[in-house]
Every structure is written in C-alpha cells, then in structure tokens.
Amino acid sequence: MSGVALIDVGIVFAATIAVWKGSGWLESASDRLATYYGLPQVVQGALVAAVGSSFPELASAVASALQGSLSLGVGAIVGSAIFNILVIPALSGIARDGPMEANRTLVYKEAQFYMLAVSVLVITFSMAVIYYPADGERLVGTVTRPLALLPLGMYGLYVFIQSQDTADYEADEDGREGIDAGRQWALLGAGLLTILVAVHFLVESVDAIGLALGVPEFIMGVTVVAGATSLPDTLVSVRSARDERGVVSLGNVLGSNTFDLLVAIPAGVLIIGEWAVDFAMAVPMFGVLTLATLHLFTVLRTDLVMTMNEAYSLLVAYLVFVTWVVAEAVGVVGVLPS
C-alpha cells in the first residue's frame, strides 16, 4: 500500500475516535435538553435519540453527497444497518452475560415497522429503475427528489404512530432541575461540529483507500465507513445491556436503523438533487439486511429473550457477511456487479 494510502488509514482511525467522542457529547446533550424542555417520549425516542445516535450515518450520507460519492454514503448506511442488527445485539448479549430480555412491543411493533422501512426503500429504488432508467445502463435508475420524499413520509408515519402511544404523556417538572441548558446547547453544538468534520475526513480517506485498492465505493461504505459510524450505537446499546435494560438496548438498534434508512439516505438525495442507484448492487445487500433482520426477529421471539448462544449466532452471521464482501472485493465470487 502506498504512503498516501497509509496516511488515509491513519485518518480513518483518528476520524473514528472523533466520531465516537462527538457522538457521546451529542447524545448526552440531546437527552438532557429533551428532559429540560419536557419533550414527550415520542420526540425523545423517535427524533432526539434517533438523530443523536444516527447523526454519524446522516453526516456520512450528506458528506458523501457533497463530495459526489453518494454510493459510499448509502453503502455506509446499509452496512451500518446490517452491523447494527447483527453485531450490536450480539455484543450487548455477551456483555449482559446472561439472557437479555425483549418484549412484545419491541418484537411486534418496532421490528415489524423496521421491516416496512426496508421494504419502502427497496420500492423507492425499484421505482427509480422503472420510471427513471439511466440511458444505456441495465438495472440502473435515478432516485429523484420526489422519490426521496416517499421514505421521509414513511418516517413521518412512524413518528405519528409513536405519538399515539404516548398521547397521555405528562412532563416531569422535577427532572429539569440541575440542568444547565446553555451548557448543554454548547455541548450539542460541539458534538455536531466534531462529527461533521470527522466524517468529512473519514469519507475522503475511505474513498481514497478504495481507489488505491480498486474496491467499489459501495463496498467500502458497507464495511469500513459502516463500522466507524456504528461505534456510538454499539457503545450506547452495550452500556444499556450491562445496566439490565435489554429492551432499551435493542430498541436503540431498531429505532436508529429506521431513521438511517428513511431519513439519512433521502437527505443525501435531497441535497444533490438525484442519485443513480445500481439495483443489481442494492438488492443483494438489502436481501442480506432482510435475512439479518429475520434472524434477529426469530431470536427475540423465542421466549422473548436472547440467550448467549443466540448472541454468538448473530456474530457468526456478521462474520459470514464480511467474508462474502471481502470475497466479492478480491474477485473470488461475483454475485455483485463489478
């Protein structure tokens, strides 16, 4: 690997640490500000917490779009979703050192709505190929701004459904005592700025490494950028699992993924105006994401707990996925288009 590429590897590690640090500030400040202003649970969960834990993925999509590499950002979001579904629950279960509980609301509402989110995004890409095909390109279509509004509308429905479940919410006035709003706003701004700058350099360096190694942008996004931007979600969920809050840990994964798919990807399209989606590349990845979600759904539904063996099975599934992606990159298998 050339000296330039080695420098880029160092930048990737430094940017990952910066993303982790900035996300910690962002999530802490967001949670305290939501408590201070007495926001209902729907806003805290579906908006504040989701934006806080998913901001690295959103920033990667925006940065990639601005740099003309939206495929890298979309790959990062899809790869992050697969990482979140398989690795984070696995590490949370292992950290819990015992069965991790779920509940019917998590399994039958959050998990199933997340499956709908995956379906809506695949339908959006399908409509791009059908109604806006690229000239001379097979199975390549253009996702336009009007099409990008479809998944955003779906997220609006998600927020509405959450609001119906918390219609009787009453703010705890005592909870805001001791919170310095000015300091938390400053911390929030510092977290946002740190993540934006770090992700900018992260995307640039990963793009350069991919070019040096001859690896497509989408695959680099699915692996390297996805792992880097998923680190904050991992730490939050593992910490919740150790505190014996398994439902919160798993709920963070599903809520974050729903936001990533329905908001982060459309945000990139809205910024640049349109994006050419390679359906032959996207469908296998979404197929893996669907299988991963079904795996997690099955694990959680059995007695509404996740055992240690089931946690390890999720981790093995992710290792199989990474092995396949590496095999694709080096040309051993050819399921994905070159």
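Structure: above.
Residues numbered from 1 in each chain as written. Predicted model: local features only at pLDDT ≥ 70, side-chain atom pairs only at ≥ 80, totals over all residues. Heavy atoms only, no water.

S.K.: Please explain helix α6 (residues 181-213) as it appears in this structure.
M.R.: Since the α-helix turns once every 3.6 residues, residues separated by three or four places project in the same direction. Here α6 is 33 residues long and its end C-alpha atoms lie 47 Å apart, about the 48 Å a rise of 1.5 Å per residue gives. Residue Asp-180 occupies the N-cap position of α6, its side-chain oxygen lying 3.2 Å from the main-chain nitrogen of Gly-182. Just downstream of α6, Gly-214 is the residue with a positive phi angle, here 75°. (Helix = DSSP H or I, 4+ residues; strand = E, 2+ residues; numbered from the N terminus. Expected span 1.5 Å × (residues − 1). Polar contact = N/O pair within 3.5 Å; in protein donor to acceptor, adjacent residues only side chain to side chain.)

S.K.: Mind showing me how you'd approach the packing of aromatic side chains here?
M.R.: When we look at a pair of aromatic rings, we describe it by the centre distance and by the angle of the planes. In total, this model carries eight aromatic pairs according to the counting rule given. Judged by centre distance (5.6 Å) and plane angle (65°), the rings of Phe-125 and Trp-275 are edge-to-face. Of this pair, Phe-125 sits in helix α4 (residues 104-131) while Trp-275 sits in strand β3 (residues 274-278), and the two are 150 residues apart along the sequence. The exposure class of Phe-125 is buried, given its relative accessible area of 1%. Relative accessible area serves as the criterion here: at 8%, Trp-275 is assigned to the buried category. Among the aromatic residues, those joined into a cluster by ring pairs are Phe-83, Tyr-318, Phe-321 and Trp-324. (Phe/Tyr/Trp six-rings, centres within 6.5 Å; stacked < 30°, edge-to-face > 60°. Buried < 20%, exposed > 50% of the residue type's maximum accessible area, 1.4 Å probe, protein only.)

S.K.: Just to check I follow, could you spell out the pairing of strand β2 (residues 140-144) for this structure?
M.R.: Remark: a regular strand shows side chains that alternate across the two faces of the sheet. In terms of residue burial, β2 counts as a mostly covered element, since five of its five residues are buried. Side chains Val-140, Thr-142 and Thr-144 of β2 all project onto a buried face; the interleaved residues Gly-141 and Val-143 project onto the opposite face, where all are buried too. Pairing between β2 and β3: five bridges, direction antiparallel. Counted as the bridge partner of Val-140 is Asp-278 from β3. (Pairing = 2+ DSSP bridges.)

S.K.: Before we go on, may I ask you to explain the nonpolar core in this structure?
M.R.: For soluble globular proteins, nonpolar side chains are generally found buried alongside one another. Counting residues in hydrophobic clusters, the biggest one holds 95 residues, and the most contacted among them are Ile-85, Phe-125, Leu-261, Met-285, Phe-286, Leu-289 and Phe-321. The dominant element in this core, judged by the number of residues it contributes, is helix α3 (residues 70-96), at 14 residues. Ignoring anything within four residues of it in the chain, the contact list for Leu-289 reads Ala-81, Ile-82, Ile-85, Tyr-114, Val-118 and Leu-261. (Core = buried A, V, L, I, M, F, W, Y, C linked by side-chain atoms within 4.5 Å. Contact = heavy atoms within 4.5 Å.)

S.K.: So what exactly am I meant to see when it comes to the packing of α4 against helix α9 (residues 279-301) here?
M.R.: Packed helices, taken two at a time, are described by the angle their axes make and the gap between the axes. Two elements in contact, α4 and α9, have axes whose closest approach is 11 Å; the angle formed by their N-to-C orientations is 170°. Compared by their axis directions, α4 and α9 come out roughly antiparallel. The residue makeup of the contact of α4 with α9, split by class, is 18 nonpolar, four polar and two charged. (Axes fitted to C-alpha atoms, helices over the stretch in contact; angles between N-to-C directions. Parallel < 35°, antiparallel > 145°, perpendicular 65-115°, else oblique. Nonpolar A, V, L, I, M, F, W, Y, C, P; charged D, E, K, R; others polar.)

S.K.: Which parts of the structure should I look at to understand the environment of Val-206?
M.R.: Among the secondary structure elements, Val-206 is positioned in helix α6. It is 8.7 Å that separates the C-alpha atoms of Val-206 and Leu-72, two residues lying 134 residues apart in sequence. If near-sequence neighbours (up to four positions away) are discounted, Val-206 is found in contact with Val-12, Leu-72, Met-220, Val-224 and Val-225.

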